[in-house]
Amino acid sequence: MDAVSAWVGVQRDRKRQEWRCFRGAAFKEWGQPSGQEYGLFKSCCTQWLMDGPLNPDMFEYDDYTIRAGCDGCKKEHPMITLGFDPVNVCTTATMSHPLSRFINYFDRLKEEGKAHQDTVNPQTYRLEGYLRPNSTFMRRSSGLKPHLIKIDESSMEASDAAQLAELEAKPPAKKPRTETSSATKSDDPYNFDDDDELDAEMV
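Below, the structure is looked at part by part. Since the model is a prediction, treat every value here as computed from it, not as a measurement. (Residues numbered from 1 in each chain as written. Predicted model: local features only at pLDDT ≥ 70, side-chain atom pairs only at ≥ 80, totals over all residues. Heavy atoms only, no water.)

## A look at the packing of helix 5 (residues 131-141) against helix 6 (residues 153-169)
When two helices pack together, their arrangement is captured by the angle between the axes and the distance separating the axes. Between helix 5 and helix 6, whose axes approach to 8 Å, the crossing angle comes to 120 degrees. Overall, the two elements helix 5 and helix 6 adopt an arrangement that is oblique. Two secondary-structure elements touch here, helix 5 through L131, R132, P133 and S135 and helix 6 through S155, M156, S159, D160 and Q163. In terms of residue class, the contact of helix 5 with helix 6 is built from three nonpolar, four polar and two charged. (Axes fitted to C-alpha atoms, helices over the stretch in contact; angles between N-to-C directions. Helix = DSSP H or I, 4+ residues; strand = E, 2+ residues; numbered from the N terminus. Parallel < 35°, antiparallel > 145°, perpendicular 65-115°, else oblique. Contact = heavy atoms within 4.5 Å. Nonpolar A, V, L, I, M, F, W, Y, C, P; charged D, E, K, R; others polar.)

## Description of the environment of D107
Here D107 shows up in helix 4 (residues 100-111). Owing to a relative accessible area of 30%, D107 belongs among the partly exposed residues under this scheme. (Buried < 20%, exposed > 50% of the residue type's maximum accessible area, 1.4 Å probe, protein only.)

## Digging into the environment of A162
Here A162 lies in helix 6. In the structure, A162 is positioned 73 residues away from V89 in sequence and 8.2 Å away in space, judged by C-alpha atoms. Excluding residues that lie within four positions of it along the chain, A162 makes contacts with F84 and Y130.

## Quick word on the side chain of T46
Inspection of the secondary structure puts T46 in helix 3 (residues 46-51). Once residues within four sequence positions are removed from consideration, T46 is found in contact with W19, F22, R23 and A26.

## Remarks on helix 5
Within the sequence span of helix 5, burial applies to L131, N134, S135 and M138. Looking straight down helix 5, one finds that the buried residues subtend no more than 100 degrees of arc, so they occupy a single side. Looking at the buried side of helix 5, the elements it contacts are strand 1 (80-85), strand 2 (90-95), helix 4, strand 4 (124-128), strand 5 (149-151) and helix 6. Directly beyond the C-terminal end of helix 5, a positive phi value near 75 degrees is found at G143. (Arc of directions from axis to C-beta.)

## Structural notes on the environment of Q117
Following the sequence through the fold, Q117 ends up in strand 3 (residues 115-117). Considered as a pair, Q117 and T92 are 25 residues apart in the sequence and their alpha carbons are 9.8 Å apart. Among the polar contacts listed, one links the side chain of Q117 to the side chain of K110, at a separation of 3.3 Å. (Polar contact = N/O pair within 3.5 Å; in protein donor to acceptor, adjacent residues only side chain to side chain.)

## Let's talk about the pairing of strand 1
Of all the six residues making up strand 1, five are buried; the element is thus mostly covered by neighbouring parts of the structure. With six bridges joining them, strand 1 and strand 2 adopt antiparallel strand pairing. The residue of strand 2 that forms the bridge with G83 is T92. Between strand 1 and strand 2, which pair antiparallel in sequence order, lie four residues; one of them, V89, sits at a positive phi of approximately 50 degrees. Strand direction decides the pairing type here: strand 1 and strand 5, joined by three bridges, are parallel. The residue bridging I80 from the neighbouring strand is I149, located in strand 5. (Pairing = 2+ DSSP bridges.)

## Topic: the packing of aromatic side chains
For the coordinates displayed, the defined rule picks out seven aromatic pairs. A ring pair is formed by F27 and Y38, whose centres lie 6.1 Å apart and whose planes are at 85 degrees; its orientation type is edge-to-face. Of this pair, F27 sits in helix 1 (residues 2-29) while Y38 sits in helix 2 (residues 36-43); the two residues are eleven residues apart in sequence, bridging distant segments of the chain. A network of ring pairs unites the aromatic residues F27, Y38 and F41 as a single cluster. A cation over a ring is seen here: R101 above W30, with NZ or CZ 4.9 Å from the ring centre. (Phe/Tyr/Trp six-rings, centres within 6.5 Å; stacked < 30°, edge-to-face > 60°. Lys NZ or Arg CZ within 6 Å of the ring centre and 35° of its normal.)

Right, dumping it as structure tokens:
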């Protein structure tokens, strides 16, 4: 029993050390929050911030291993939710929590003229254009992991329908005019190179 208890104690100590390192990595990845934001950061699920929801099919763990992902807890799970505003025909992006990592990204978009902060809800930003291209752009440019960006499915359907309606309403593109070669003109008796030849033919 003493050997088993000693082994359990070692494993628990190892897990505590790994957990401290894990939280330290999350603290660094999320910009080393300080002040009031540090309290907000501490209220968030570290496993969610780093790995999202737990996928038991991908990870093996036991009571002494830190699980990669959250299997459901009462802590906060921050994310950005993307939607579509059909009235203003734009994409909406709403932060669940005002973490600086989210805010800094939207500040950069504001500086580039790609986003505007909502005057009523400062945690919501408006991006010009339809939802699908904006969601693709955000996943590629934000540096955020996929689980931190949520897309409202009904908004995606509405955005796609509006985009399709706009495309269908546009007149078809005109085909470029094909110039007839000079050789073809000379072989055709009804091809007149200028108005003088046309007038002479009509006399």
